[in-house]
Amino acid sequence: GPKVLQIPSHQIIDMGQMVTLNCDPVSNHLYFYWYKQILGQQMEFLVNFYNGKVMEKSKLFKDQFSVERPDGSYFTLKIQPTALEDSAVYFCASSPRDRVEQYFGPGTRLTVL
Amino acid sequence: SQLAEENSWALSVHEGESVTVNCSYKTSITALQWYRQKSGKGPAQLILIRSNEREKRNGRLRATLDTSSQSSSLSITATRCEDTAVYFCATNTGNYKYVFGAGTRLKVIA
């Protein structure tokens, strides 16, 4: 089936540093998402991005978070500065035009020390 | 508030048996997806069932949707050890996100 790729698979950084998580969505998809999953807990929606804009975001999408997809390249999630509670697995997903289906990447495990 | 939830936290079956995971939700939806997530991996889509559909199959998997009771089920027949995973239902209310339940942990014992 369609594949979403995420780079890197693991990232360890010190609290206060900046981190950028990269997502390579399915090539003809138009909607892009980030979700956060703390170990053993449910997947929680962070943000949806379409046509260069954030369409919807949750309370978890703090002011330190930002997303972009410059020139159709990677869809990125930037956290600046990071906090200890940002430690989690971050999943990227993408959807085609009708937004009904979502395909997920394998996740990036972020550890903030 | 949680809009989708699976009704069992964990299930255990022996290989070859059938199992059903149930999910309930609290608002009208346009679609519901069942996902499987294995340890250390991202969610893999199993079945997408739209609000105007009542049943969908994919190999050994069968999903049902009852919009009147706002519930869905995922049945797996002839289970295998590799079916061991967390099974999520996720609901789409027509906006820009899916809301996930906490998941049901299924263990298939050889």
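Before reading further, recall that the structure is shown in the block above.
These numbers were taken from a predicted model, which means no experiment stands behind them.

1. Quick notes on the interface of chain B and chain A
Right, on to step 1. On the chain A side, the residues contacting the 23 residues of chain B number 21 residues.
Right, on to step 2. Counting each side, the surface lost to burial between chain B and chain A is near 1800 Å², with a carbon and sulfur contribution of 49%.
Right, on to step 3. For chain B, the biggest contributors to the area lost against chain A are B:Tyr96, B:Lys97 and B:Phe100; these three give 35% of the whole.
Right, on to step 4. Only strand 4 (31–37), strand 5 (44–50), strand 9 (85–92) and strand 10 (98–100) of chain B provide two or more residues apiece to the side of chain B that touches chain A.
Right, on to step 5. The element that contributes the greatest number of residues to the side of chain B that touches chain A is strand 4 of chain B, accounting for 4 residues.
Right, on to step 6. The residue inventory of the side of chain B that touches chain A, partitioned by class, reads 9 nonpolar, 10 polar and 4 charged.

2. Describing the nonpolar core
Right, on to step 1. Ranked by size, the top nonpolar core spans 23 residues in total, and within it A:Trp34, A:Leu46, A:Val67, A:Phe75, A:Leu77 and A:Tyr90 carry the most contacts.
Right, on to step 2. Breaking this core down by element, the ones donating at least two residues are strand 3 (19–24), strand 4 (31–37), strand 5 (44–50), strand 7 (65–68), strand 8 (75–79), strand 9 (88–95) and strand 11 (108–112) of chain A.
Right, on to step 3. Aside from chain neighbours lying at most four places away, what touches A:Leu46 is A:Trp34, A:Tyr35, A:Lys36, A:Glu56, A:Lys57, A:Ser58, A:Leu60, A:Phe61, A:Phe65, A:Leu77 and A:Tyr90.
Right, on to step 4. By size, the runner-up hydrophobic cluster in this structure holds 21 residues, among which are B:Ala63, B:Ala85, B:Tyr87 and B:Val108.

Parameters and conventions
- Residues numbered from 1 in each chain as written.
- Chains lettered and ligands numbered in written order.
- Predicted model: local features only at pLDDT ≥ 70, side-chain atom pairs only at ≥ 80, totals over all residues.
- Heavy atoms only, no water.
- Contact = heavy atoms within 4.5 Å.
- Buried area = accessible area lost by both parts, 1.4 Å probe.
- Helix = DSSP H or I, 4+ residues; strand = E, 2+ residues; numbered from the N terminus.
- Nonpolar A, V, L, I, M, F, W, Y, C, P; charged D, E, K, R; others polar.
- Core = buried A, V, L, I, M, F, W, Y, C linked by side-chain atoms within 4.5 Å.
- Buried < 20%, exposed > 50% of the residue type's maximum accessible area, 1.4 Å probe, protein only.

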